Amino acid sequence: MRYTRHNKIVELIAAEAIDTQERLAERLKDSGYDVTQATVSRDIKELQLVKTMTPEGKYRYALPDAAGSQQTERFARIFKNTVQSAAAAGNMVVVKTLPGCANAACEAIDSLGLPHILGSLAGDNTIFLVCDEAENALTVVARFEELLKE
């Protein structure tokens, strides 16, 4: 019974924005499951559900992978909205951002998990990235240019 209930929870949170345990319990009861708030709380913990923010600014339950996907999209938006240019110099990449935005853009770059980047350092409006090889610095710059066009 627990596994079918877990499957139903996953189905419900994928289909609609459920933001509270009470709402989730209500939707489960509507689906024929006799649950208590304590049961729903345990289910949330076992499924490792997280609360994520919707584009409308409200919270909803999501599976951890879905939350990661939303985080990646969020960081891609931050990158696109703050980065002005990127250029390779040897095995380094220099990224110019809007004033005061380098730290946010650098966090976005780090979270994207791009290959070949060994480390990053952010100032106020400039980010320095160290790549494993000079040719890969050009690859990183090309990827940044793609992100800026999206």
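Everything quoted here is computed from the prediction, not taken from an experiment.

Details of the sheet that holds strand S6 (residues 126-131)
Across the sheet, which stays open at both edges, the 4 strands sit in the order S3-S4-S6-S5 with antiparallel pairing between neighbours. The open sheet has two edge strands with one neighbour each: strand S3 (83-89) and strand S5 (117-122). Taking each pair of neighbouring strands and ignoring which way they run, the sheet shows an average axis angle of 20°. Pairing analysis gives 6 bridges linking S3 to strand S4 (residues 92-97), with the strands arranged antiparallel. Paired with Ser85 across the two strands is Lys96, which belongs to S4. Its contacts with the sheet put helix H5 (residues 102-112) on S3, S4, S5 and S6, and the angle it makes with S5 is roughly 165°. Its contacts with the sheet place helix H6 (residues 134-149) against S3, S4, S5 and S6, and it is angled at close to 165° to S3.

A closer look at unusual backbone geometry
Glycine aside, residues mostly have negative phi, and peptide bonds are mostly found in the trans state. Of note, Gln48 is a non-glycine position whose phi angle comes to about 55°, a positive value. For Gln48, the location among the structural elements is in the loop between helix H3 (37-47) and strand S1 (50-53). Residue classification places Gln48 among the exposed positions, given a relative accessible area of 55%. The residue His116 is not glycine, and still its phi comes out positive at about 80°. Take His116: its relative accessible area is 30%, and that puts it in the partly exposed class.

Focus: the environment of Leu138
Here Leu138 lies in helix H6. C-alpha separation for the pair Leu138 and Glu26, spaced 112 residues apart in sequence, amounts to 53 Å.

Overview of H6
Counted at 1.5 Å a residue, the expected span for H6 with its 16 residues is 22 Å, and the 23 Å between its end C-alpha atoms agrees. The complete set of buried residues in H6 reads Asn136, Ala137, Val140, Val141, Phe144 and Leu147. For H6, the angular spread of buried residues about the axis comes to 150°, placing them on one side. Set apart from the buried face of H6 by more than 90 degrees, the exposed residues are Glu135, Leu138 and Lys149.

A short note on the nonpolar core
Among the nonpolar cores identified, the biggest contains 21 residues, and Phe79, Val93, Val95, Ile109, Ile127, Leu129 and Phe144 are the most heavily contacted of them. Elements with a contribution of two residues or more to this core: helix H4 (64-82), S3, S4, H5, S6 and H6. At 6 residues, the largest contribution of residues to this core is made by H5. Among all residues touching Phe144, those that are not within four sequence positions of it are Phe79, Ala86, Val93, Val95, Ile109, Leu114, Ile117 and Leu129.

Comments concerning helix H2 (residues 21-30)
Two residues of an α-helix separated by three or four positions point the same way, owing to the 3.6 residues in each turn. Those residues of H2 that fall on the buried side of the exposure criterion are Gln21, Leu24, Ala25, Arg27 and Leu28. For H2, the arc enclosing every buried residue in end-on projection is 165°, short of the 170-degree limit, so these residues lie on one face. Residues of H2 that are exposed and point more than 90 degrees away from the buried face comprise Glu22 and Asp30. Looking at the buried positions of H2, the neighbouring elements they touch are helix H1 (2-15), H3 and strand S2 (59-62). A positive phi of about 95° marks Gly32, the residue just after H2.

Conventions used here
Residues numbered from 1 in each chain as written. Predicted model: local features only at pLDDT ≥ 70, side-chain atom pairs only at ≥ 80, totals over all residues. Heavy atoms only, no water. Pairing = 2+ DSSP bridges. Helix = DSSP H or I, 4+ residues; strand = E, 2+ residues; numbered from the N terminus. Axes fitted to C-alpha atoms, helices over the stretch in contact; angles between N-to-C directions. Contact = heavy atoms within 4.5 Å. Buried < 20%, exposed > 50% of the residue type's maximum accessible area, 1.4 Å probe, protein only. Expected span 1.5 Å × (residues − 1). Arc of directions from axis to C-beta. Core = buried A, V, L, I, M, F, W, Y, C linked by side-chain atoms within 4.5 Å.

By themselves, these observations are geometric and do not establish any function.
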